[in-house]
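# Architecture and fold: a report
Residues per chain are reported as follows:
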Amino acid sequence: MRAEMVRSLRIGHRRFVLAPGVNTVGRDPAATVCINDASVSRHHARITISGPDATLEDLRSKNGTQIMGETIRVPSALRDGDEIEFGHVKGWFIVETSEDPPTTTGLS
């Protein structure tokens, strides 16, 4: 039996599993990844999962979105372990198999 790939966003001690398709990020309570921080816009960004690929797009947020310290202005590919910053909130994009134990590396 083949293990399924699970993609998630880790922010602090929280883990948000990302579903295939569009996952929204923002302060809006209806967002897939709801971040209650003043530096995060209501509709800040979106992460699209399509097959093995994951793409992050900033939705013209006030405080911007970064991948590995670089501000993104166009949809950008995500890779396992990438550090993402939404406004002033840092998170990590993690890819693991459904059989892997939960990842805690780099979180404090």
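Each chain has its residues counted from 1, following the order in which its sequence is written. Per-residue local features of the predicted model are confined to residues with pLDDT of at least 70, and side-chain atom pairs are confined, for both listing and counting, to 80 or more; whole-chain, interface and lining totals are unaffected and use all residues. For side-chain calculations, the full set of non-hydrogen atoms in the structure is used, while hydrogens and water are omitted.

### Brief notes about the sheet that holds strand β2 (residues 14-18)
Applied cut-off: A pair of strands is labelled paired if DSSP reports no fewer than 2 bridges between them. Helix and strand definitions here come from DSSP, where helices need a minimum of 4 consecutive H or I residues and strands a minimum of 2 consecutive E residues; each element is numbered from the N-terminal end.
An order of β2-β1-β11-β10-β7-β8 is seen for the six strands of this open sheet, with the pairing classed as antiparallel. Lying at the two open borders of the sheet, with one neighbouring strand each, are β2 and β8 (70-71). In this structure, strand β7 (residues 65-67) lies alongside β8, joined through two bridges in antiparallel fashion. By the bridge assignment, Gln66 is partnered in β8 with Thr71.

### Some words on the environment of Ile49
Inspection of the secondary structure assignment puts Ile49 in strand β5 (residues 45-50). For the pair Ile49 and Ala19, spaced 30 residues apart in sequence, the C-alpha separation works out to 6.9 Å.

### Quick word on the side chain of Ser41
Condition: Exposure is judged per residue with a 1.4 Å probe applied to protein chains only, and the accessible area is read against the type maximum: over 50% gives exposed, under 20% gives buried, and values in between give partly exposed.
Here Ser41 shows up in the loop between β4 (33-34) and β5. What makes Ser41 buried here is its relative accessible area of 16%.

### Digging into the pattern of salt bridges
Inclusion rule: Salt bridge criterion: a side-chain nitrogen from Lys or Arg within 4 Å of a carboxyl oxygen from Asp or Glu.
Scanning the entire structure with this criterion turns up five salt bridges. The closest approach of N and O atoms between Glu96 and Arg10, which form a salt bridge, is 2.9 Å. Highlighted residues: Glu96 in strand β11 (residues 89-97) and Arg10 in strand β1 (residues 5-11), separated in sequence by 86 residues. Its relative accessible area of 4% is what places Glu96 among the buried residues. Exposure remark for Arg10: the relative accessible area of 6% places this residue in the buried category. For Arg42, the salt bridge goes to Asp28, with nearest N and O atoms at 3.8 Å. With a gap of 14 residues between them, Arg42 in the loop between β4 and β5 and Asp28 in the loop between β3 (21-26) and β4 connect regions that are remote in the sequence. By relative accessible area, which is 45% here, Arg42 ends up partly exposed.

### Details of the environment of Arg10
Heads up, the rule is: Residues adjacent in sequence count toward polar contacts only when both atoms are side-chain atoms; beyond that, a polar contact is any pair of N or O atoms within 3.5 Å, and within protein one must be able to donate a hydrogen and the other to accept it.
Sequence separation of Arg10 and Phe93 is 83 residues, and the distance between their C-alpha atoms is 6.6 Å. Within polar-contact distance, the side chain of Arg10 engages the side chain of Glu96 at 2.9 Å.

### Remarks on the confidence of the model for the protein
Heads up, the rule is: Residue-level confidence of the predictor, termed pLDDT, takes values from 0 up to 100. Whether two residues are in contact is decided by their heavy atoms, any of which lying within 4.5 Å being enough.
The predicted model of the protein has a mean per-residue pLDDT of 91, with 88% of residues at 70 or higher. Ignoring residues within four places in sequence, the model shows residues 104-108, a span with pLDDT below 50, making five contacts including any to other chains.

### Comments concerning the sheet that holds strand β9 (residues 76-77)
Overall, mixed pairing links the five strands, which are arranged β4-β3-β5-β6-β9 in an open sheet. For this open sheet the edge positions go to β4 and β9, each flanked by a neighbour on one side alone. Relative to β9, strand β6 (residues 53-58) is paired through two bridges, and the arrangement is antiparallel. Within the sheet, the bridge partner assigned to Leu56 lies in β9 and is Ser76.

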